[in-house]
Amino acid sequence: MVWFRTPLMGKRSRQLIQLSVILLALLAFGLRVYHLDHFSFWQDESLTPLRAGYAIPEILSNRIVIQEGVTQDTHPPLYFLLIHFTRLLLGESDFAYRFPSVLASVLTIPLLFQFGRRLLSVRAGLLAAFLATINPLQVWYAQEARMYTFLLLLTTAASYALWRALDGGSLRRWFLIYLLFAGLSFLTHYTALFLIAGHFLLWAWLLLGRRQRRLLLIGGGVVLLMILPFLPFFIPRLLSGPETNYTYVSPLIMLQDIVHGFGMGSSVEFRRPVIRGLDVAVAVLLAAGALAPRTGESGWKVRSFLIVYLFAVVTGLALGSLVKPMYQGIRHIFISATPFFLLLARGVSLLPRRWLIVPAMAVLVAGPFISLNNLYTSPRFAKDDLRSLIYHIEERAGEDDAVVYNNAILMTFHWHYQRRSDLAVTALPIYPYEASEQTEGRLVQLAEEYERLWFVIDPPADRRDEGDLVERWLERNLAPIEQFGTRSRTAQATVKAYATEPRHLTSLPAGAHPADLTWPGAPALRGWEADFKEPATAPTLWFDLFWENQEDAPRATHLQLALRDERGNVWADLRRPLVLSGTEREDSALVRLPYGLTLPVGTPPGVYELMLLPWDDAAGEDLGAWQTVGDVTVAGSGEWPMTPLAPIDALFSLQFRNGLQLLGIEKVATHVRPGNALPLFLYWQAEGALSDPALAYDLQVVGPSGETWITQEAPPGPAWLAPEAWPVGTPVRELLGLLVPADAPPGQYELRWRLRAGEEVIPGRPGWRPWRSKRVTFGEIRVVPWPLETALPEGVSVVEASFGDAIQLYGFDLVAEELQPGDTMALMLYWLAEDVPQGNYHVFVHVVGEEEAIVTQADRIPVESRRPTQGWRAGEVLSDPYALHLPSDLSPGVYRVYVGLYEPDRRDRLPVVIDEQPQADNRLLLATITVR
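In short, a report on the structure. Because the structure is a prediction, the values reported are computed rather than measured.

For the pair helix H9 (residues 171-186) and helix H10 (residues 192-209), the least separation of the axes is 10 Å and the interaxial angle reads 165 degrees. The orientation of H9 relative to H10 falls into the category roughly antiparallel. For the crossing formed where H9 meets H10, the hand is left-handed. Of H10, the residues touching H9 (which contributes Leu-171, Trp-174, Phe-175, Tyr-178, Ala-182, Ser-185 and Phe-186) are Ala-192, Leu-193, Ile-196, His-199, Trp-203, Leu-206 and Leu-207. Of the residues that constitute the contact of H9 with H10, the class distribution is 12 nonpolar, two polar and no charged.

Attention now moves to the side chain of Gln-661. Structurally, Gln-661 can be placed in strand S19 (residues 660-667). Its relative accessible area of 14% is what places Gln-661 among the buried residues. Among the polar contacts listed, one links the side chain of Gln-661 to the side chain of Glu-687, at a separation of 2.8 Å.

Under the counting rule described, the total for this entry stands at four cavities of 30 Å³ or more. Approximately 110 Å³ is the volume found for the largest cavity. Taken together, 14 residues form the lining of the largest cavity, with Gly-263, Val-282, Leu-344, Leu-364 and Pro-368 sitting closest to its centre. Among the elements of the structure, helix H13 (251-264), helix H14 (273-291), helix H16 (337-349) and helix H17 (357-377) are those that each provide at least two residues to the lining of the largest cavity.

Those residues of helix H21 (residues 469-477) that sit buried are Leu-469, Val-470, Trp-473 and Leu-474. When H21 is viewed along its axis, its buried side chains cluster within an angular range of 130 degrees and face the same direction. In the core, the buried residues of H21 are packed alongside helix H20 (437-449), strand S5 (452-457) and strand S7 (494-499).

End to end, helix H1 (residues 11-33) covers 33 Å across 23 residues, agreeing with the expected 33 Å (1.5 Å per residue, within 8%). Of all the residues in H1, the buried ones are Ile-17, Val-21, Leu-24, Ala-25, Ala-28, Leu-31 and Arg-32. Lining the buried residues of H1 we find helix H5 (94-119), helix H6 (122-133), helix H7 (136-142) and H17. The first or second residue beyond H1 is His-35, which carries a positive phi of 60 degrees.

The subject of this paragraph is the packing of aromatic side chains. Taken as a whole and judged by the stated rule, the model has 32 aromatic pairs. Aromatic pair Trp-205 and Trp-300: ring centres 5.9 Å apart, planes at 85 degrees, arrangement edge-to-face. With Trp-205 in helix H10 and Trp-300 in helix H15 (residues 299-320), this pair connects stretches of sequence that are 95 residues apart. Judged by relative accessible area, which is 47%, Trp-205 ranks as partly exposed. The ring of Trp-786 has Arg-673 lying over it, and the distance from NZ or CZ to the ring centre is 5.3 Å.

Okay, the nonpolar core next. One finds Leu-119, Tyr-178, Trp-203, Phe-305, Ile-333 and Phe-340 to be the most contacted residues of the largest nonpolar core, which totals 149 residues. Counting residues per element, this core draws most heavily on helix H8 (residues 148-166), at 13 residues. Beyond its immediate stretch of four places on either side in the chain, Trp-203 contacts Leu-162, Ala-165, Leu-171, Trp-174, Phe-175, Tyr-178, Leu-208 and Leu-216. Counting 38 residues, the second largest nonpolar core, distinct from the first, contains Leu-814, Ile-914, Leu-924 and Val-931.

Before going further, it helps to spend a moment on the sheet that holds strand S9 (residues 513-517). Judged by pairing direction, the sheet is antiparallel, and its five strands sit side by side in the order S8-S14-S11-S10-S9 without closing on themselves. Either end of the sheet is taken by a strand with one partner, and the two such strands are strand S8 (504-505) and S9. On the sheet, helix H18 (residues 386-396) packs against strand S11 (540-548) and strand S14 (590-598) and is oriented at approximately 115 degrees with respect to S14.

The linkage connecting Leu-428 with the following residue, Pro-429, adopts the cis geometry, with an omega of 0 degrees. In this chain, Glu-534 is followed by Pro-535 through a cis amide linkage whose omega measures 0 degrees. Within the element layout of this structure, Pro-535 appears in the loop between strand S10 (525-530) and S11. Backbone geometry at Glu-851 places phi at a positive 55 degrees, although glycine is not the residue there. Following the sequence through the fold, Glu-851 ends up in the loop between strand S32 (842-848) and strand S33 (854-860).

Quick notes on the rules
Residues numbered from 1 in each chain as written. Predicted model: local features only at pLDDT ≥ 70, side-chain atom pairs only at ≥ 80, totals over all residues. Heavy atoms only, no water. Axes fitted to C-alpha atoms, helices over the stretch in contact; angles between N-to-C directions. Helix = DSSP H or I, 4+ residues; strand = E, 2+ residues; numbered from the N terminus. Parallel < 35°, antiparallel > 145°, perpendicular 65-115°, else oblique. Left-handed = near helix turned anticlockwise from the far one by under 90°. Contact = heavy atoms within 4.5 Å. Nonpolar A, V, L, I, M, F, W, Y, C, P; charged D, E, K, R; others polar. Buried < 20%, exposed > 50% of the residue type's maximum accessible area, 1.4 Å probe, protein only. Polar contact = N/O pair within 3.5 Å; in protein donor to acceptor, adjacent residues only side chain to side chain. 1 Å grid on protein atoms, 1.4 Å probe; cavity = no way out; pocket = protein on both sides within 12 Å on 5 of 7 lines; lining within 4 Å. Points joined across faces, edges and corners; volume = space filled by probe spheres on them. Arc of directions from axis to C-beta. Expected span 1.5 Å × (residues − 1). Phe/Tyr/Trp six-rings, centres within 6.5 Å; stacked < 30°, edge-to-face > 60°. Lys NZ or Arg CZ within 6 Å of the ring centre and 35° of its normal. Core = buried A, V, L, I, M, F, W, Y, C linked by side-chain atoms within 4.5 Å. Pairing = 2+ DSSP bridges.

Rendered as structure tokens:
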């Protein structure tokens, strides 16, 4: 039964179909634009900004210049000409470079519907368009700054024109349209030539059958003229032998890629049984669409057309690979995606029973759902992240550093993502030459010229440094100081930093500050030197610390560094290994160790103390106390050599009409518990001068039920920054603490913002929304409940004293009843909530001597200030620890330990009852201790 055929429909039905196609296009746009710039460029993408940025004659020449080498790009110029102009309109961001690919992919959806409607039926056209909309491979390539979605759009248009001619349309009209789109597709990617060759067979059959030999000759001549200019490029390349990263691939692998890749993209694990099962089901539906007969005169014609369309490129690449390898992944057969969707739609339309539609659609949707979920959420299937690598280098590099790439092609990433123009960037060996003595000479020159070299480890694919000469020279001659790597599918994406100064010295170098700092179990610090000019403007402050070269290995394994302001606030800190063992040399009195201290975004300008403290990992303790090495003057982040990046908590920033932006929200923790505070770092940025000194925001924290639980008001920005001193275009950081009420229910809480200038409200909007409002939702926090413990402890001193109507002190545990002066009294209280307390009470623990004199005490919120009593739940048991230090001059004798609860504002104590007897002074005598 052929159920997919649709009879002539009325106006209402046509409107519904048009609406369906529009909705599919909108869904396609959303899937493709989501996370569009979440991943950085991968290796091929990095060439797009480079080539599109050339002058038009240079783009047409297909040449790419890297260092001293000129290479011919393997792709024709049309796509790069288009991007050359769109970048002028959209900008230079990853989003801007990829957005044309999104548009091309979205435009393919209605074209595919029209194709399917003419070729098969309206419903088949809708199904083919739907499958393309949710297809992970389509999303993958729509999110690349490459030509593949344009190629698919153009070849689909050309193939549609061919079918219209085959289906009885005007030969001349559709032949001219075909030549236009076929020519544009060939100028977009050379694999289009294989499809054009397959199409030529169909055109020859059609035109000869209609006695249009002249039109066939004209078409053949146009194709020949189109190809001739490229023959000087094709023929030498064809005869040059295998190219880098190309190996022979069996045609069976290409056929598997049609099912695997076109069905579920590149973000699934194909070895999983479930995925293999879905692959088999897709292959069955595909075979049904290609081979199953259909009633009607044109059934054989449809099948022949789609089979030629599907396999033309695969056949061309397979035959071409007999001369030299030509296949390097599914992008080279991306053209075949259109017949894949059409054949699947045809296969579903020919199912013999209507009830088979449901499992067939489940198969066709399940794979894309799994794959898209992996693409959006799983780091395992993420693309390269060279952007993070470059940003890390720029953040960590000092004022006098250089970046050295082993693979010169990766410099194209750096040129695109570079924010620091003060960093020297090169590649060794110099492209296109092989590593040699000249390479070593250049390394010596760089080591003499710069303080640190940041070496990006990724050997050239063409084996110009097959023996790893550059890396081996760096390891042999310089001291490695740190290493950083990111995820990558096509490159190593690892950077290793080396210090170029000598590690061993007989005396402090000129310009170093002498020091004489010692810690027990650690080497002595004899001097330090700042590798920057003051006030410091680099995002990372590099110091050389000169340690005494001791014979015995010190106990310290790590060094803690901190930058502290005059008020005692720590703005930057780190812990790094302190390794001197294995570095001793008899002629060396000092060992130089470099340390880089990264300043956070929004660090205020001023004078800071550089503090040091060694740490013993084995014992898990500090070795002594913090000591000041010296003072450092820091400039504001507005004077950094690049605009600092702020962490982003939402897809876009929160933008206000006066030019103020809330760039993002950084959470110190992923969640907060009731009664606790969650620190947030707010990153603000002003796009212009802020003229109103009365600027302030009010923030509402709204719970799951819509109730406002927290309201806070403050001027935007850190307290140290005056409104008239805001740096333009530079992020500043503000610390905001949100105290969640103890009775706040668990769930997701929205942050709702409003900006005011006096009484006037300044409208704002998230970056993705075109309209403004007076209050905007931006960001959220998650409140999670405390673990509920209801089991009463065993082996403790049971008290069962009632404090008010809802709280009972079930028992306690006093570690020792006999102590020495200077000891610490360890006490654990076990509270039982008989009901939900109506107030937030503090606990006091007093150790009292003669004449009621308190010798030591603790007053705080229960459970180390983490559990306000109003957040206790009926039946909950809470363990509340205390450590009270006894004075070292405490007289021997017997001391009483009292416990009580009080309301902190009025200081009123809760009444205490034990064995139905009220306790004097509303306090409980818990125990006595003896001090010897």
